[in-house]
Amino acid sequence: MVDMEEIRKKFDIHNIAKNKLAEIEKYKCSIYCCHSTGCKSSGSDDLISLIQKVLEENNLTDDVRVVATGCMGLCAHGPLIRVEIKGKKDILFKRVDLEATRAIMEKYVIPGLKNDGDMVTDETLKPYVLSLDLPFFTKQEKVVLKNAGHIDPEDISEYIAHGGYLALEKALKTMTPGQVVEEIKKSGLRGRGGGGFSTGMKWELAAKVPTVDEKFIICNGDEGDPGAYMDRSILEGDPHAVIEGMMIAAYAIGATAGWFYVRAEYPLAVERLQKALQDCRRHLLLGKNIMGTDFSFNIDIRLGAGAFVCGEETALIHSIEGARGTPRPRPPYPTNKGLWGKPSCVNNVETLANVSKILLKGADWFASFGTATSKGTKVFALTGQVEHSGLIEVPMGTTINEIVNEIGGGVPEGKTLKAVQSGGPSGGLIPVQLMDMPVCYEELKKIGSIMGSGGLIVIDDSSDMVSLAKFYLDFTVDESCGKCAPCRIGGRQMLLLLDKINRGRGKKKDLELLKQIAKAMQKASLCGLGQTAPNPVLSTLRFYEEEYTNKLLDGKE
Amino acid sequence: MDRETCLGCQTGDKWRKKRGSLIMALHEIQGVKGYVGWQDAMDLAKTMNVPLARVYEVLTFYNFFKLVTPGKAVISVCTGTACFLKGNDKVLEKFKSELGIKEGESTPDGLFHLQVVRCVGCCGLAPVCVVNGKTYGRMTPEQVPVILNEWREAFKKEA
Amino acid sequence: MVKLKIDNIEVEVAPDTSILDAARTVQINIPTLCKHPDVDPSAGCGMCIVKVGGRIMRSCCTPVSEGMEVITNDEELKEIRKMVLKLILSNHPNDCLNCSRSNQCELQDITAELGIDQNEIVKLVSQEPKDDTTGAIVLDPSKCIVCGRCVNICQNVQNVWALSYLRRGFVTKITGANDTKLANSPCIKCGQCVAHCPTGAITDYDNTRRVSALLNNKKNITVVQIAPAVRVALGEEFGFDFGSNLTGKIYAALRRLGFAKVFDTNFAADLTIIEEASEFVERFTKNDNIPMFTSCCPAWVDYVEKYYPENLANLSSCKSPHQMLGAIAKTYWAEKAGVDASKVKVVSVMPCTAKKWEIGRDETMNSSGYKDVDEVITTRELAKMIKAAGIDFKHLKEEEADSPLGEYSGAGTIFGVTGGVMTAALRTAYFYITGEELGKLNFEAIEGLKAVKAAEIDIKGTKVRIAVVNGVGNVAPVMEAINKAKSEGSEPPYHFIEVMACPGGCIAGGGQPRVMGATFDKPWGINNEIRKLRSKGLYNEDVEAQNRLSHKNESIKKLYADYLGKAGGEKAHHLLHTKYRERDLYKK
């Protein structure tokens, strides 16, 4: 006879947290090694093996632990290693190779365990040290990325030890589904995938539809915006946070099953998610009667296969159903008629990762970050011509200037900042004269861009705006599903005109036609992809029209 | 065909009863063979009771799937925004001229397949190329022949 | 009911009505190229945009809601629509003058309506080759506007899955799986894709030139037959109302075209009934391969051969009526008329594209020693020939068919509509079993456009369970029930089943006219109203017929007495029956 009480106790999150914290407490030193896709591809696997080997050689395995973590953020300087010796300041080492790792071990860690000094004294090591006092670190506000870079994403007990699944427990044991929805509504959380629809309202709509036989919660992990990898980093660095968010959402809306839809191009994220789900099942955090309550739930993963348009929720649903990822008109909205015709709520990865924090710390705490209409923090992938490119998280309302020039350290020496592109191929430009604009859904929309999923591309004066617009349009034309004529043909025709202009063969009437087609595409395309595809063109035209007109033939012949 | 060795049937059997599984099954076949061939598609369609037309609608919609065998080494040149801004177009040109093929094609000797991909998520390392899962960051056109030789040597050793 | 305002006009419609349909009730035509009442809207063309509360929506798929205020035609909408149409036109050749669809083309019509008189957008037209491999229907990718109707019909309505999308984005193409040619695909040539295509992208395989060649060769004795459904549809091409029965005018036109003899497939329909009813009575009494399926629809036969090979034995072995007529014309009639059978050429005018394929189906289609039917043209093609010959069809005087292959009963004429074959067969089967005539000759339960119509017929104490399947896409549950009973060894759910591949039957076949009556709502081609009117045309002829029973057709009686012997006998079997074989869904 299985003693359920005994099993419950074994998997009680408070017990697990206590034990794990006690175990961590035993170590004198923790070495955190970034183990996300970026750093992994620069060889962090080998570095971890080397560290382990050195520890074994020196009989230090009981004193020092190595943690393979998710993304630490400063991807441009990877692989990154952070050493935390008890009683000392943390030291972050950048662009580490095998030689440097050995040096870190022999010239900092091993001596550091014995002496009291805070600093790296060895001259050979100094070039590798990256100050943690940089604005890149101090100006950020980590809510969603709190765990990433600090815990081993493949160890559920570490997540639990850092307060994981407490929010789920709170929801299941002390709140009604309605109260959960209310709390999220109150927090002002909005969809982080780009749309910016109120998450609480979406849940409320989904909760209202009665669960006849099935209702689904779907996590949209089809991050396809080129130059953005927020969701990938979250899934790689802290998969349980997203799972916990999904479970709370499921409880709130009455979902019977959950689906993760993740890009197939993200094998590491998928692997970590799979491991995390398996651990949840083992720890009875998924399955029947979770935490001894009436709540039963399970989650499965489905992969994308290389189609940007599947980020659109109805296309995503078609894709899970095993069909072409073409969008369909709404209404009916998925909350009424979604996956296999059942009510379904689709939330983005980052959105769900916020949920447990809101529940634990309260809606008011969350709403204390941000602007009047955009609450909380936002994760951005800051890339392009910027000194510290990487993954950052800032409160909504932070200005573009702070992000690029302070956190990002500005454009590299000798170049001048020209603009920042937000929202990827669906977004637009923020020109240098508007750098003081705060990051906020409404503000960005006003100037013809969008928040998007969080790609911020820094562009310097060496970039030509017509080529940039063409680059983005080329992407959306390639990714158009081909279902509706305005997008299928309009995009292609715009691309031809852009190319003509870019090659110096265009005339004024071509520019006019370009604008007309853009308008038809915006207004008559079926889904967001087509409606927003002209944005980069219109945005560059708005602020840099002279770059277009300079290329026109008129008057030159 | 012998059912035991029929990849399409085996995969179909595994996924048939699960929901939303066509794309997963196709991933699995491609994972084993590197592509999904006509016979695999036929076998899978039959086993999963999905019309073949649907299987190909899906196969040809999604960029990820290949219908014919690619080269032994698949070179993916990232054309995400960060890589674009940092000049990966020049790296791609170099690959094209070195291999004498266009993107989406394989070399006649079957060694290399060149493709462009949209953001592999290593924007911090831009520009980036991936060869059979191995990532090369901060690429320059000069590195191209070096990388190709590295793989040619590896294949020689294998042989 | 839901109340709303469209262009400030009050409208009251049922809930779930689309804005586009609601607008039509108040005489507002919102242009569309993809919406069709037979399929769910794909929302592909982007032409039907309207403004709802300032927001631009697609009217084809947005349902009305209480108090909604819709604007359908302001300057901005007009401008956007024009641009979208110009984009579509940029992807379509300017071939109208040489296009078989000219004057009956939805795209051409909308272009004229919206007043597109110039297009500054550069042409980008697909160079993909045509697919005419079936010899029945032709796919021209260059003219395809990817509205998706044909794929939707082929997959979701007909459940055939021959047509599918290939690739995505600008290079999306409609074709067989993996670009398989249609002849190598599961295509059953039903032609429903042709019937629903808004442009000239899918058309019938043109046989008019070959028919002209037959007629021009003076050594030939070229005879013609018309199928039941042709007579109630051809008139649409000449301005007659839907469902007008113009048999006499058609006979006259055919004579003017130069056919030596004008026969009627209705005669052969009666002949089919004699064979099929006898076969059924025999199989029913011996419980041999029951249920028995009708076999006069070649698309249905093709479907069974491809999708249900385990049920081949359930098909009646009877050939379809026009094949029977061809075989009889080249044997019995040639003998009787004293002409050289090798000189007799048979042309069939059919509402159907699959008949073009059927005449070469297998060697039993040559039972007369020659190809039983030489050429098949569709109703549309006949209209073209009549027009090209300068015949004023509208004012032609009615004529009679030639004897003896022209006499027919009311039962023969209703072969062209769903439920008709079953009705005709039951009338005769009843007589064969009981020796008496049925009191009431119609079976309301199996008439109309319901997907599957089932009934139990009491033949003097013997209960015969029948089913009529309207549209081949509705056959799956019936087949499932049959095969389940078979595997369990239990009583079959039905004894006799009629299947017509096209929804509505042959009256709405793939070869029928695709025109718009002046008084008729869009869309063009086919819809349930048209189906009902054409059906009515055939049922009316049956009701008004002097003889409504196949077994009382005097010419048929004489054919058996003088030539065939008895129904299902050796000679009849050789000339009038066929056999079936499994066909692969795909050929490499």
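All of these numbers come straight from a predicted model, not from anything done at the bench.

Residue and element names in this part refer to chain A. For chain A, the domain assignment lists domain 1 (26-132), domain 2 (164-367), domain 3 (377-460) and domain 4 (465-549). For domain 2 and domain 3, the distance between their C-alpha centroids amounts to 27 Å. Three residues, Arg 192, Tyr 229 and Met 230, lead the burial of domain 2 against domain 3; their summed loss comes to 36% of the area buried on that side. Connecting domain 2 to domain 3 are two salt bridges. In this structure, the connection of domain 2 to domain 3 is made through seven residue pairs in polar contact (both at pLDDT 80 or more). Here the side of domain 2 that touches domain 3 is built from residues that sort into five nonpolar, six polar and four charged.

Quick look at the interface of chain C and chain B now. Bring the parts together and some accessible area is lost; that lost area is often taken as the interface size. Between chain C and chain B, the residue contacts involve 13 residues of the former and 13 residues of the latter. Across the chain C to chain B interface the summed buried area is about 1,200 Å²; carbon plus sulfur atoms make up 63%. When the area that chain C buries against chain B is broken down by residue, the three leading residues are Trp 161, Arg 168 and Asn 178 of chain C, summing to 46%. At the junction of chain C with chain B, the criterion picks out zero salt bridges. Here chain C is connected to chain B by five residue pairs in polar contact (both at pLDDT 80 or more). Elements that contribute at least two residues to the side of chain C that touches chain B include exactly helix H4 (149-157) and strand S7 (164-166) of chain C. Of the residues forming the side of chain C that touches chain B, the biggest block, three residues, is contributed by S7 of chain C. Among the residues making up the side of chain C that touches chain B, the classes are represented as six nonpolar, four polar and three charged.

With that out of the way, let us pick up empty space enclosed by the protein. All names here are of chain C. Evaluation of the coordinates by the stated rule reveals 10 cavities of 30 Å³ or more. Approximately 270 Å³ is the volume attributed to the largest cavity. In terms of lining, the largest cavity is formed by 22 residues, of which the most central are Cys 296, Cys 297, Lys 355, Phe 415 and Cys 506. Each residue belonging to the lining of the largest cavity can be placed in one class, and the counts come to 16 nonpolar, five polar and one charged. Quantified by volume, the second largest cavity comes out at close to 100 Å³. What lines the second largest cavity is a set of 15 residues, among which Cys 154, Cys 187, Cys 190, Gly 191 and Cys 193 lie closest to the centre.

Contacts between the two partners involve 55 residues from chain A and, on the opposite side, 35 residues from chain B. Of the roughly 3,500 Å² buried where chain A meets chain B, counting both sides, 58% is carbon and sulfur surface. Considering only the side of chain A, the residues that lose the most area to chain B are Ala 305, Arg 324 and Phe 471 of chain A, jointly responsible for 18% of the buried surface there. Connecting chain A to chain B are one salt bridge. For Glu 214 of chain A, the salt bridge identified is with Arg 19 of chain B, shortest N-O distance 2.7 Å. The tally of links from chain A across to chain B stands at 15 residue pairs in polar contact (both at pLDDT 80 or more). Elements represented by at least two residues in the side of chain A that touches chain B include exactly helix H3 (37-41), strand S7 (257-262), strand S8 (299-303), helix H14 (313-320), strand S10 (377-384), strand S14 (455-460) and helix H19 (465-479) of chain A.

This brings us to the state of the cysteines. For the structure shown, the criterion picks out one disulfide over all chains. Residue Cys 6 of chain B pairs covalently with Cys 9 of chain B via a disulfide, S to S 2.1 Å. One disulfide, between Cys 6 of chain B and Cys 9 of chain B, carries an S-S torsion of 75° and so falls in the right-handed class. For Cys 6 of chain B, a relative accessible area of 1% gives the class buried. Residue Cys 9 of chain B is classed as buried on the basis of its relative accessible area, which comes to 9%. Just so you know, Cys 71 of chain A is unpaired, no disulfide at all, and the nearest cysteine sulfur is the one on Cys 75 of chain A, 3.8 Å from it. Between Cys 83 of chain B, a free cysteine, and Cys 78 of chain B, which holds the nearest cysteine sulfur, the sulfur-to-sulfur gap is 3.6 Å. Using a relative accessible area of 2% as the deciding quantity, one classes Cys 83 of chain B as buried.

Let us look at the packing of aromatic side chains. Evaluation of the coordinates by the stated rule reveals 30 aromatic pairs over all chains. With a centroid separation of 6.2 Å and an interplanar angle of 85°, the aromatic rings of Phe 240 of chain C and Phe 393 of chain C are classed as edge-to-face. A residue pair is termed long-range when its members are at least 10 positions apart, and Phe 240 of chain C in the loop between strand S10 (221-226) and helix H7 (247-257) and Phe 393 of chain C in the loop between helix H12 (379-388) and helix H13 (410-413) qualify at 153 residues. Taken together, Phe 61, Tyr 62, Phe 64 and Phe 65 of chain B form an aromatic cluster joined through their ring pairs. The lysine or arginine in question, Lys 18 of chain B, covers the ring of Trp 15 of chain B, its NZ or CZ lying 4.6 Å from the ring centre.

Below, the discussion takes up the environment of Asn 540 of chain C. Residue and element names in this part refer to chain C. Mapping Asn 540 onto the fold places it in helix H16 (residues 528-544). Under the relative-accessibility criterion, Asn 540 is labelled partly exposed at 36%. On a C-alpha basis, the gap between Asn 540 and Thr 413 in space is 9.8 Å, while along the polypeptide they are 127 residues apart.

Definitions and limits used
Residues numbered from 1 in each chain as written. Chains lettered and ligands numbered in written order. Predicted model: local features only at pLDDT ≥ 70, side-chain atom pairs only at ≥ 80, totals over all residues. Heavy atoms only, no water. Domains from an automatic or database assignment. Buried area = accessible area lost by both parts, 1.4 Å probe. Salt bridge = Lys/Arg side-chain N within 4 Å of Asp/Glu carboxyl O. Polar contact = N/O pair within 3.5 Å; in protein donor to acceptor, adjacent residues only side chain to side chain. Nonpolar A, V, L, I, M, F, W, Y, C, P; charged D, E, K, R; others polar. Contact = heavy atoms within 4.5 Å. Helix = DSSP H or I, 4+ residues; strand = E, 2+ residues; numbered from the N terminus. 1 Å grid on protein atoms, 1.4 Å probe; cavity = no way out; pocket = protein on both sides within 12 Å on 5 of 7 lines; lining within 4 Å. Points joined across faces, edges and corners; volume = space filled by probe spheres on them. Disulfide = S-S within 2.5 Å. Buried < 20%, exposed > 50% of the residue type's maximum accessible area, 1.4 Å probe, protein only. Phe/Tyr/Trp six-rings, centres within 6.5 Å; stacked < 30°, edge-to-face > 60°. Lys NZ or Arg CZ within 6 Å of the ring centre and 35° of its normal.

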